[in-house]
Amino acid sequence: MNTTSSRAQGPHGTEASEAAVGRIVLLTTSHRVAPGLLSWPAWQVLRDADRVSCADGAHPQLPYLREAGIVVDEAAPSAQELIEACADGRTVVVVATGEGEPRLTDGLARLAGSGRVRMPELELLPASYDLPGARLLDLVQVMDRIRAECPWSSRQTHRGLAKYGIEEAYELVEAIEAGDRDELREELGDVLLQVVFHSRIAQEDPGAPFSIDDVAGGIVAKLIHRHPHVFGDETATTPEEVKEHWLRTKALEKQRTSVTEGVPLGQPGLALAAKLSSRARTAGLDVPLPHGEGVGYELLAMAARAEAEGVDPEAALRAAARTYRDAIREAENGG
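Residues numbered from 1 in each chain as written. Predicted model: local features only at pLDDT ≥ 70, side-chain atom pairs only at ≥ 80, totals over all residues. Heavy atoms only, no water.

Looking at this model, I keep getting lost on the pairing of strand β1 (residues 23-28). Mind explaining?
Every regular strand shows the same layout, with side chains that alternate between the two sheet faces. Inspection of the sheet shows β1 paired to strand β4 (residues 91-95) by five bridges, in the parallel sense. By the bridge assignment, Leu27 is partnered in β4 with Val95. Taken together, the six bridges between β1 and strand β5 (residues 121-126) define a ladder with parallel strand orientation. Within the sheet, the bridge partner assigned to Leu26 lies in β5 and is Leu124. (Pairing = 2+ DSSP bridges. Helix = DSSP H or I, 4+ residues; strand = E, 2+ residues; numbered from the N terminus.)

Would you mind showing me how to read the packing of aromatic side chains here?
Geometry of an aromatic ring pair is reported as the spacing of the ring centres plus the angle between the planes. Within the structure shown, the criterion is met by two aromatic pairs. On the basis of an interplanar angle of 75° and a centroid distance of 6.3 Å, the ring pair of Trp152 and Tyr164 is categorised as edge-to-face. Of this pair, Trp152 sits in the loop between α5 (135-149) and α6 (158-178) while Tyr164 sits in helix α6; the two residues are twelve residues apart in sequence, bridging distant segments of the chain. Residue classification places Tyr164 among the partly exposed positions, given a relative accessible area of 26%. Aromatic pair Trp152 and Phe197: ring centres 6.5 Å apart, planes at 65°, arrangement edge-to-face. With Trp152 in the loop between α5 and α6 and Phe197 in helix α7 (residues 181-202), this residue pair connects regions lying 45 residues apart in the sequence. The class of Trp152 is partly exposed, set by a relative accessible area of 44%. We classify Phe197 as buried; its relative accessible area is 5%. (Phe/Tyr/Trp six-rings, centres within 6.5 Å; stacked < 30°, edge-to-face > 60°. Buried < 20%, exposed > 50% of the residue type's maximum accessible area, 1.4 Å probe, protein only.)

I would appreciate a short explanation of a nonpolar patch on the surface in the present structure.
A surface patch of nonpolar side chains, amounting to about 530 Å² of accessible area, comprises Ile219, Val220, Leu223, Ile224, Val230 and Phe231. At the level of secondary structure, the elements contributing two or more residues to the nonpolar patch comprise α8 (212-225) and α9 (228-231). Considering every element that reaches the nonpolar patch, the biggest residue donor is α8, with four residues. Assignment of secondary structure puts Val220 in helix α8. (Patch = residues over 30% accessible without salt bridge, like charges linked within 9 Å, V, L, I, M, F, W, Y side chains within 5 Å. Areas by Shrake-Rupley, 256 points an atom, 1.4 Å probe, with all protein chains shown as cover. Salt bridge = Lys/Arg side-chain N within 4 Å of Asp/Glu carboxyl O.)

Looking at this structure, I do not really get the side chain of Gln156. What am I missing?
With respect to the helices and strands, Gln156 occurs in the loop between α5 and α6. Look at Gln156 and you get buried, because its relative accessible area is 14%. Of the polar contacts made by the side chain of Gln156, one reaches the backbone oxygen of Trp152; its length is 3.0 Å. Among all residues touching Gln156, those that are not within four sequence positions of it are Arg147, Leu161, Phe197 and Ile201. (Polar contact = N/O pair within 3.5 Å; in protein donor to acceptor, adjacent residues only side chain to side chain. Contact = heavy atoms within 4.5 Å.)

Looking at this model, I keep getting lost on a negative patch on the surface. Mind explaining?
Taken together, the side chains of Glu167, Glu171, Glu174, Asp180, Glu183 and Glu186 make up a negatively charged region of the molecular surface. For the negative patch, the secondary structure elements donating two or more residues are α6 and α7. Sorting elements by how many residues they give to the negative patch places α6 first, with three residues. Within the secondary structure, Glu174 sits in helix α6. (Lys, Arg positive; Asp, Glu negative; His and termini not counted. Charge placed at Lys NZ, Arg CZ, Asp CG, Glu CD.)

Here is the structure:
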C-alpha cells in the first residue's frame, strides 16, 4: 500500500524537515505616539528576535531600537526571503513603515494560498496604540501646513473668519434638528476646524500669542473647576445640583457685577430674549417685562414665557418655519 510522506514541501519544492517553522512578526507603531514608547510585548519580541528588519532607514523608531541594543537591518526582504530566514524555528520581526508593508503582506498571502509552501507563523503586533483624541494631532499638523502653504488660508484673520464660525454653528444646529448622523459628524468637524484655525492664527500674534494647547488647557482647567462633584469633594446627584455648582463657580471666576454680563447681544433676537429671561429668573430677580408698542415687545413676552416653560423659543420658531416651508413647497407643486 502506498503511503503519503508526512513531510511538507519546502519553498523551492524540496522536502522540508519536521523542525519548527519559525515566526514572522509584523510590528506596527503609531506616529501619534512618541517614538520609543513601545509596549512590553513589543520590546520582548524585539529582544528575542533572530532578525529585525525595516525598509525605511528614516523610520522614527530606529534610533530608539538601536539605543536599546536592537540590531536592525535596513532592508526590504521579499516574502520568500522572509520565509527562508525563518528556517529552523527562527523569528523575524519586520518594523512596518507608515504604509503597512502591503507588498510584503500580499506576497505572504500569495505564498500561503498556493499550498506549496510551509508557512511560518504570522503575527501582527501593534507596538503602540492611539489614545482617544489622537487624530486631533493630525488635524493640528494639517492646519499648520495649510496655514504655511495655502495662498488663501495664510492670509486669513480672526475677523475675516468670524462669519464662517457663525455659519458652521448654524449648520451644526440644523444637522442636530434634522437627526442626520452623517451630517452631524461632518458639521462637528467643520466647527472643530474653526477652533483649530483660529488657534493657529493666534500663534502668530506678536503681542499675545496662544496656541491650540493653550485653548485646550484653558477649557480643561475650567471643566475641572466647575465640576467639583466629579473632581473634588462636593456631591451632586441631580442635574439641578450640577447646575448650581456650575453657576456658583462661574460667578466666582467672572466676578461680574450684573447677571447680564457675558450675554452676547449679537445672537438672534429670540435667543437673546430667552437668555436674559433665564439669567434674571436664575438669579431670583423679579423684573417685570417692559411694556411698549409693537411686535418686538410681543416677541419678548413670548420668548420669556417659552423660557419659563422650558422651551427654546429659537428652536420652536425654526421648527414652525420648517413646517411653513414645507407648506409653501406643497402649494408650489399644486398640492
